[in-house]
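One-letter residues, chain by chain:
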Amino acid sequence: MRRHPLYPLCWTLLALLAPLAKAAPEALHTLEVTLTAYASTPDQTEGDPTVTATGQRVRPGIVAVSRDLLKTQLPYGTQVRVVEIRTDDEGCGGYPTSTVFEVQDTMAPERVNEVDIWMPTREEALSWGRCVATLEVVAYPAR
């Protein structure tokens with residue numbers, strides 16, 4: 001599949017902003033998940049496709065998690081980093097591993113042990129693919 005012309009720009013911006021962040025935090029917890037991607041299209045969302053389940057606007061760095069993970073390991077506001085991607089094809093990649101994502105959205109009820117990275121277009125989300133990945137939790141939300 002062909003990637004959207006803005007795909008490299010999205011990840012380039014994340015890469016440029018990463019050094020401005022504090023030193024990479026130490027992992028608090030790791031977990032293995034199925035990693036996919038989603039876009040803000042009406043058929044992939046409930047309600048306003050530009051607003052997450054927490055009321056934030058969608059943007060690079062947002063992830064949605066399956067409801068089982070939301071309840072047990074990754075509540076809203078948790079910050080995660082992808083540290084390893086295991087796949088046999090060309091999918092799932094193309095971003096700096098130092099990128100920290102924030103849990104701000106929820107996946108459909110039938111999804112289990114999955115994390116969805118937000119992408120600006122449906123084409124980008126579809127070209128991302130599906131893979132198994134190890135995530136590190138680097139920060140939990142303040143209580």
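On a predicted model such as this, the values are computed, not experimentally measured, just so you know.

Cut-off values and rules
- Residues numbered from 1 in each chain as written.
- Predicted model: local features only at pLDDT ≥ 70, side-chain atom pairs only at ≥ 80, totals over all residues.
- Heavy atoms only, no water.
- Helix = DSSP H or I, 4+ residues; strand = E, 2+ residues; numbered from the N terminus.
- Buried < 20%, exposed > 50% of the residue type's maximum accessible area, 1.4 Å probe, protein only.
- Contact = heavy atoms within 4.5 Å.
- Polar contact = N/O pair within 3.5 Å; in protein donor to acceptor, adjacent residues only side chain to side chain.
- Core = buried A, V, L, I, M, F, W, Y, C linked by side-chain atoms within 4.5 Å.
- Pairing = 2+ DSSP bridges.
- Axes fitted to C-alpha atoms, helices over the stretch in contact; angles between N-to-C directions.

This part takes up the overall build of the protein. Assigned secondary structure in the protein consists of three helices and six strands. Of the regular secondary structure in the protein, the N- to C-terminal order runs α-β-β-α-β-β-β-α-β. Looking at the protein residue by residue over its 143 residues, the buried ones come to 41%.

Now for the environment of Ala108. Its location among the elements puts Ala108 in the loop between β4 (100–106) and β5 (114–119). A relative accessible area of 27% places Ala108 in the partly exposed class. Separated by 41 residues in the primary sequence, Ala108 and Arg67 place their C-alpha atoms 7.8 Å from one another.

Take the side chain of Thr41 next. Within the secondary structure, Thr41 sits in the loop between β1 (29–39) and β2 (62–65). Once residues lying within four places of it in the same chain are set aside, the contact partners of Thr41 are Pro49 and Arg122.

Bringing the side chain of Ser127 into the picture now. Note that Ser127 resides in helix α3 (residues 122–128). By relative accessible area, which is 13% here, Ser127 ends up buried. In terms of polar contacts, Ser127 uses its side chain to reach the backbone carbonyl oxygen of Glu124, at 3.0 Å.

With that settled, consider the nonpolar core. In terms of nonpolar packing, the biggest core is built from 24 residues, with Leu35, Leu74 and Val115 touching the most fellow members. Contributing elements (two or more residues each) for this core: β1, β2, α2 (67–72), β3 (79–86), β4, β5, α3 and β6 (131–139). Apart from residues no more than four positions distant in its own chain, Val115 is found in contact with Val33, Thr34, Leu35, Thr36, Val63, Ala64, Val65, Leu69, Leu74, Met107 and Leu135. Listed in part, the six residues of the second largest apolar core include Tyr38, Ile62, Ala64 and Met107.

As a further point, take the sheet that holds β6. Taken together, six strands build a closed barrel; the order of strands is β1-β5-β2-β4-β3-β6 and the barrel is mixed. Geometrically, the sheet is characterised by an average inter-axis angle of 50° between neighbouring strands, direction not taken into account. Inspection of the sheet shows β1 paired to β6 by seven bridges, in the antiparallel sense. Residue pairing for β6: Glu32 is matched across the bridge by Thr134.

Turning our attention to the pairing of β3. Examined bridge by bridge, β3 and β4 share three bridges and lie antiparallel to one another. Paired with Arg81 across the two strands is Val100, which belongs to β4. Of the strand pairs in this sheet, β3 and β6 are connected by seven bridges, and their pairing is antiparallel. Bridged to Glu84 within β6 is Thr134.

Another aspect to go through is the environment of Pro141. Position of Pro141 relative to the elements: it lies in the segment after β6. Taking the C-alpha atoms as reference, Pro141 lies 7.9 Å from Gln79; in sequence the two are 62 residues apart. Ignoring anything within four residues of it in the chain, the contact list for Pro141 reads Pro75, Tyr76, Gly77 and Thr78.

Scope: geometric values only; no functional claims are made or implied.
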